[in-house]
Amino acid sequence: MRKNIVAGNWKMNKTLTEGIALTKEIAYATSGKNLKCDVIIGVPFVHLASVTELLRESSIKVSAQNCADKVSGAYTGEVSAAMVASTGAKYCIIGHSERRTYYGETYEILKQKVALALENNLKPIFCIGETKEEREAGNQNAIVKAQLEGSVFNLSPEEFKQLVIAYEPVWAIGTGLTATSEQAQEMHSFIRSLINEKYGDTIANDTTILYGGSCNSANAKELFSKPDVDGGLIGGASLKANDFVAIIESF
Ligand code: PGA
């Protein structure tokens, strides 16, 4: 059976000191509790080593928010999947719409990143989702299908099993405009049907599909109640321990 997951995506927020303080608050607030989901925090690169060390005894897992599309070498400013893995992080967010839009990450670049993450035993949290214009034109299914085909449907079944998929409609990210639970369910079910066609029933049923986009403590319970919504990728509401823990406890 697939896992339920609540994952935080801190984006470019929090200094190292602030990030350590937030990590401690989340760890304290969740420790000893019988959580109904796995918890991941997606922190900036410079926080990774400190945060994984802090969480060594905790069940909370750590994710990077990106990795390079190259193995190593003369790529000033880049951080490789091997470096991320060497910190003790277990996950890597790949294909976030902010990376696709602001940093020109194409299907091909994302394919390389996913491959390198997997080679280094990182589980990719692979993000897909349509823009407002694409939804208004009724193209959301075609877009999401193309994003999967362009970057992850080349994987072997064994590789694909390592992935977490995050459906994040771009129009819902940071806008306060959450998808309705019906819209989320409809898309998640469609995504699962695509995985089913490509990899079969077992893998489709075992793949965790997260919803992201203005998910918060007020709407998480309703979203997570849908059969194909297996948790959330949380931006803004992951920056305050109380809000994030309330979302975790929505399960
Ligand atoms: P948001 O971001 O929760 O602030 O909308 C979600 C994300 O981009 O992962």
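Summarised in this report is the structure supplied together with it. (Residues numbered from 1 in each chain as written. Predicted model: local features only at pLDDT ≥ 70, side-chain atom pairs only at ≥ 80, totals over all residues. Heavy atoms only, no water.)

### Describing unusual backbone geometry
Line of reasoning, step 1. The phi angle at Lys-11 is positive, at roughly 55°, despite the residue not being glycine.
Line of reasoning, step 2. Tracing the backbone through its elements, the reader meets Lys-11 in the loop between strand S1 (5-9) and helix H1 (16-30).
Line of reasoning, step 3. Overall, the relative accessible area of 21% leaves Lys-11 in the partly exposed class.
Line of reasoning, step 4. Look at Lys-14: it is not a glycine, yet its phi comes out positive at around 80°.
Line of reasoning, step 5. Counting through the fold element by element, Lys-14 comes out in the loop between S1 and H1. (Helix = DSSP H or I, 4+ residues; strand = E, 2+ residues; numbered from the N terminus. Buried < 20%, exposed > 50% of the residue type's maximum accessible area, 1.4 Å probe, protein only.)

### Quick look at helix H5 (residues 107-119)
Line of reasoning, step 1. Given a rise of 1.5 Å per residue, 13 residues ought to cover 18 Å, and the 18 Å separating the end C-alpha atoms of H5 matches this to within 8%.
Line of reasoning, step 2. All of the buried residues in H5 are Leu-110, Lys-113, Val-114, Leu-116, Ala-117 and Leu-118.
Line of reasoning, step 3. Considering only its buried residues, H5 is in contact with helix H3 (81-86), strand S4 (91-94), helix H4 (97-102), strand S5 (123-128), helix H7 (140-151) and helix H8 (157-160).
Line of reasoning, step 4. Taken from the residues just after H5, Asn-121 is the one with a positive phi, measuring 60°. (Expected span 1.5 Å × (residues − 1). Contact = heavy atoms within 4.5 Å.)

### Looking at the layout of surface pockets
Line of reasoning, step 1. One number sums up the size of the largest pocket: a volume of about 450 Å³.
Line of reasoning, step 2. Lining the largest pocket are 17 residues, and of these Lys-11, Met-12, Gln-65, Arg-99 and Tyr-103 sit closest to its centre.
Line of reasoning, step 3. The element that contributes the greatest number of residues to the lining of the largest pocket is H4, accounting for three residues.
Line of reasoning, step 4. Residues belonging to the lining of the largest pocket are distributed by class as follows: eight nonpolar, five polar and four charged.
Line of reasoning, step 5. In this structure, the second largest pocket spans a volume of roughly 240 Å³.
Line of reasoning, step 6. Class assignment for the residues of the lining of the second largest pocket results in seven nonpolar, three polar and five charged. (1 Å grid on protein atoms, 1.4 Å probe; cavity = no way out; pocket = protein on both sides within 12 Å on 5 of 7 lines; lining within 4 Å. Points joined across faces, edges and corners; volume = space filled by probe spheres on them. Nonpolar A, V, L, I, M, F, W, Y, C, P; charged D, E, K, R; others polar.)

### Concerning the environment of Asn-219
Line of reasoning, step 1. By the secondary structure assignment, Asn-219 is in the loop between strand S7 (209-212) and helix H11 (220-224).
Line of reasoning, step 2. Distance in space between the C-alpha atoms of Asn-219 and Glu-168 is 15 Å, their sequence separation being 51 residues.
Line of reasoning, step 3. With residues up to four places along the chain from it excluded, the contact list for Asn-219 reads Thr-178 and Ser-214.
Line of reasoning, step 4. In terms of polar contacts, Asn-219 uses its side chain to reach the backbone carbonyl oxygen of Ser-214, at 3.0 Å. (Polar contact = N/O pair within 3.5 Å; in protein donor to acceptor, adjacent residues only side chain to side chain.)

### A few points about the sheet that holds S7
Line of reasoning, step 1. Reading around the circumference, S1-S2-S3-S4-S5-S6-S7-S8 is the order of the eight strands in this closed barrel, with parallel pairing throughout. In this sheet, neighbouring strand axes are inclined to one another by 25° on average, regardless of whether the strands run parallel or antiparallel.
Line of reasoning, step 2. Strand direction decides the pairing type here: strand S2 (residues 38-42) and strand S3 (residues 61-64), joined by three bridges, are parallel. When the sheet's bridge partners are listed, Gly-42 is paired in S3 with Ser-63.
Line of reasoning, step 3. The strands that helix H12 (residues 241-248) touches are S1, S2 and strand S8 (231-234); relative to S1, the one it contacts most, it runs at about 155°. (Pairing = 2+ DSSP bridges. Axes fitted to C-alpha atoms, helices over the stretch in contact; angles between N-to-C directions.)

### A closer look at the pairing of S5
Line of reasoning, step 1. Among the six residues of S5, five are classified as buried, and the element is accordingly described as predominantly covered.
Line of reasoning, step 2. Strand direction decides the pairing type here: S4 and S5, joined by four bridges, are parallel. The residue bridging Cys-92 from the neighbouring strand is Pro-124, located in S5.

Read these as spatial facts, not as claims about activity.
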